[in-house]
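Report on the structure
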Amino acid sequence: MSVPLWLWAATIVGLLVLIAIDLVIVDRKPHEVTTREAAKWVVFYVSCAVLFGAGVWIFAGHDPGVEFFTGYLTEYSLSVDNLFIFMVIMASFKVPLIHQHRVLLVGILLALAMRSVFIAIGAALINQFVWVFFLFGAVLVWTAISMVRGNDHDDEYRENAVVRWIRKVYPVTDEFHGHKMTVKRDGRRWLTPMFVVIVAIGSADLLFAVDSIPAIFGITQEAFLVFTANAFALMGLRQLFFLLGGLVNKLVYLSYGLAVILGFIGAKLILHALHEYHAVPDWLDINNWMSLGVIVVVLTITTVASLLKSRRDSAREAAVEQASER
C-alpha cells in the first residue's frame, strides 16, 4: 500500500478538524459530560472510523481495509482496559467533573503525539530487520502471561517517574484554578494540578503503548494504517470513559480476553518471522480474516461472560440482603 504525502497531510488535517469540533462543541463551556451526550459522541467517533475504514477498503482494496478494521478493533479493545487507570488517576487528583473532559482530551492528544514517534521507529525497524517480529511477539506473549497472572487492578495510583520529576523541578499548587495549567503567584510561575494530571494521563497511556503498538504491527506493517487506527481509537476513548463509567469494573474477564488476543497476535508475529526465514510452511502464516474473527469472538465471549457474572453477583448480593433483613 503506497500512501502519498498529500494523503498523510489530508488525514492529519481531518483529525485536527475533529479535535477542533470537539473543543468548540464540548469543551467550549466546561461541564459534566452526561451519559447521553457521551453515547452520541461515541457513536460519532465510531462512525468516523467506520467511514474512514470503508474509504480504505474502497480505494486501497479489501486487504488494507480488513487490516484497518482489525487494528482499530484491537486498539479500541485494549484502550477499554486503560480506562480503569484513568479513573484511578482522576480520583487520585480529585479532578472536578466539569474539567475531566479537558484532561482526557489534552492527555490523549499528548499520548497520540508520543505514540506517533513509537510508530515511526517501529515501522523503520520492521522494514530493515525481520528479527524485530520475534521481539514484538515475545513482548506480547510476556504481556499476555503477566495479565493472566496479575489480573486484579490496583485501586491506588502511584505517580510515575515523569510526574515525580515535574513535582521536584516545578512548584505545583494544591488546588485547581479552573482549566488553567499554570498560574502566577508571588511573581513566580506555578503549575496547577490540571497540568500534572494531564501529564499523568498521557504518560500512563504511553506505557500501555508498549503492548498496543507491537499488537497492531502484528496485524499490519503499514505505518499509515497503524497511525490512523491508533488515532481513531484514542479519539473515541475520551467519550467512552464517560459512557462506561463504573461498567468497566463489571468487565471482570476483560483482562483474560485481552491476554488471549495479545497472546494470539504474539504467536502470529513469531510465526510470520519464521515464515520470512522459510522455517515454517505457508499455511501457518495467519491471515487477517482469521485475526479479525478471533478478536471478535474473544471480545464477544469475554463481554457476555463478564456481564452474566456481574448479574449473578448482583442477584446473590440482593438475596443476601433480603435474607439479613428477615
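Above this text is the structure in question.
What comes next is a walk through the structure. (Residues numbered from 1 in each chain as written. Predicted model: local features only at pLDDT ≥ 70, side-chain atom pairs only at ≥ 80, totals over all residues. Heavy atoms only, no water.)

As for the overall build of the chain
- Along the backbone of the chain there are 11 helices and two strands.
- Listing every helix and strand of the chain by position from the N terminus yields α-α-α-α-α-α-β-β-α-α-α-α-α.
- Here the C-alpha radius of gyration of the chain, 21 Å, is about what a compact globule of 326 residues would show, namely 20 Å.
- In the chain, 78% of the contacts between residues at least 6 apart in sequence involve partners at least 24 apart.
- Roughly 16,600 Å² of accessible area belongs to the chain as shown, and the carbon and sulfur atoms make up 66% of that amount.
- For the chain, the separation between the mean place of its 25 positive charges and that of its 26 negative charges on side chains is 9 Å. (Helix = DSSP H or I, 4+ residues; strand = E, 2+ residues; numbered from the N terminus. Rg over C-alpha atoms; globule rule 2.2 N^0.38 Å. Contact = heavy atoms within 4.5 Å. Areas by Shrake-Rupley, 256 points an atom, 1.4 Å probe, with all protein chains shown as cover. Lys, Arg positive; Asp, Glu negative; His and termini not counted. Charge placed at Lys NZ, Arg CZ, Asp CG, Glu CD.)

Focus on the packing of helix 1 (residues 5-25) against helix 8 (residues 223-244)
- Close contact between helix 1 and helix 8 brings their axes to 12 Å; oriented N to C, the two are set at 5 degrees. With respect to each other, helix 1 and helix 8 are oriented roughly parallel. Counted together, Leu7, Trp8, Thr11, Ile12, Leu15, Leu18, Ile19 and Asp22 of helix 1 and Ala223, Phe224, Phe227, Thr228, Ala231, Phe232, Met235, Arg238 and Gln239 of helix 8 form the full contact between these two elements.
- Here the contact of helix 1 with helix 8 is built from residues that sort into 12 nonpolar, three polar and two charged. (Axes fitted to C-alpha atoms, helices over the stretch in contact; angles between N-to-C directions. Parallel < 35°, antiparallel > 145°, perpendicular 65-115°, else oblique. Nonpolar A, V, L, I, M, F, W, Y, C, P; charged D, E, K, R; others polar.)

As for the pattern of salt bridges
- Applying the stated rule across the entire model yields four salt bridges.
- A salt bridge links Glu75 to Arg115; the nearest nitrogen and oxygen atoms lie 3.4 Å apart. With Glu75 in helix 3 (residues 62-93) and Arg115 in helix 4 (residues 100-128), the pair connects residues that are 40 residues apart, well separated along the chain.
- Residue classification places Glu75 among the buried positions, given a relative accessible area of 1%.
- Judged by its relative accessible area of 1%, Arg115 is buried.
- Close ionic contact of Asp313 with Arg316 constitutes a salt bridge, the shortest N to O distance being 2.9 Å. Taken together, the residues Asp313 and Arg316, both in helix 11 (residues 288-325) and three residues apart, mark about one turn of the helix.
- Since its relative accessible area comes to 23%, Asp313 is described here as partly exposed.
- In this structure, a network of salt bridges that share partners links the residues Lys309, Asp313 and Arg316. (Salt bridge = Lys/Arg side-chain N within 4 Å of Asp/Glu carboxyl O. Buried < 20%, exposed > 50% of the residue type's maximum accessible area, 1.4 Å probe, protein only.)

Some remarks on the packing of aromatic side chains
- Applying the stated criterion to the full structure yields 17 aromatic pairs.
- Ring centres of Trp8 and Phe224 lie 5.2 Å apart, and the angle between their planes is 85 degrees; on these two criteria the pair is classed as edge-to-face. With Trp8 in helix 1 and Phe224 in helix 8, the pair connects residues that are 216 residues apart, well separated along the chain.
- Members of the aromatic cluster, connected to one another through ring pairs, are Trp8, Phe52, Phe68, Phe69, Tyr72, Tyr76, Phe224, Phe227 and Phe232. (Phe/Tyr/Trp six-rings, centres within 6.5 Å; stacked < 30°, edge-to-face > 60°.)

Details of the pairing of strand 1 (residues 182-185)
- In this sheet, strand 2 (residues 188-191) lies alongside strand 1 in antiparallel orientation, the contact comprising four bridges. Across the sheet, residue Thr182 finds its bridge partner in strand 2, namely Leu191.
- Connecting strand 1 to the next strand, strand 2, in antiparallel fashion are two residues, including Asp186 with a positive phi near 55 degrees. (Pairing = 2+ DSSP bridges.)

Things to note about the side chain of Thr220
- Position of Thr220 among the secondary structure elements: in the loop between helix 7 (193-217) and helix 8.
- Note on Thr220: relative accessible area 2%, which makes it buried.
- In terms of polar contacts, Thr220 uses its side chain to reach the backbone amide nitrogen of Glu222, at 3.1 Å. (Polar contact = N/O pair within 3.5 Å; in protein donor to acceptor, adjacent residues only side chain to side chain.)

Brief notes about helix 8
- In a regular helix each residue adds 1.5 Å, so 22 residues correspond to 32 Å; helix 8 covers 30 Å between its end C-alpha atoms and thus fits that length.
- At Arg238, helix 8 shows its largest kink, close to 40 degrees.
- Helix 8 sits mainly inside the fold: 20 of its 22 residues count as buried. (Expected span 1.5 Å × (residues − 1). Bend = angle between axes of the 7 residues up to and from the residue.)

Thoughts on a nonpolar patch on the surface
- Side chains of Val117, Phe118, Ile121, Leu125, Phe129, Trp131, Leu135 and Tyr277 sit close together on the surface and give an oily, nonpolar patch of about 750 Å² of accessible area.
- Among the elements that line the nonpolar patch, the one with the most residues is helix 4, at four residues.
- Within the secondary structure, Ile121 is located in helix 4.
- A relative accessible area of 46% means that Ile121 is categorised as partly exposed. (Patch = residues over 30% accessible without salt bridge, like charges linked within 9 Å, V, L, I, M, F, W, Y side chains within 5 Å.)

Things to note about the environment of Phe93
- With respect to the helices, strands and loops of the structure, Phe93 is situated in helix 3.
- It is 20 Å that separates the C-alpha atoms of Phe93 and Leu240, two residues lying 147 residues apart in sequence.

Describing the environment of Ile119
- Inspection of the secondary structure assignment puts Ile119 in helix 4.
- Ignoring anything within four residues of it in the chain, the contact list for Ile119 reads Ile213, Phe217, Ala223, Val226, Phe227 and Asn230.

What about the environment of Ser291?
- Within the fold, Ser291 resides in helix 11.
- Once the C-alpha coordinates of Ser291 and Arg164 are considered, the two residues, 127 residues apart in sequence, prove to be 40 Å apart.
- Each residue touching Ser291, except ones within four places of it in the same chain, is listed here: Thr70, Phe264, Lys268 and Ile286.

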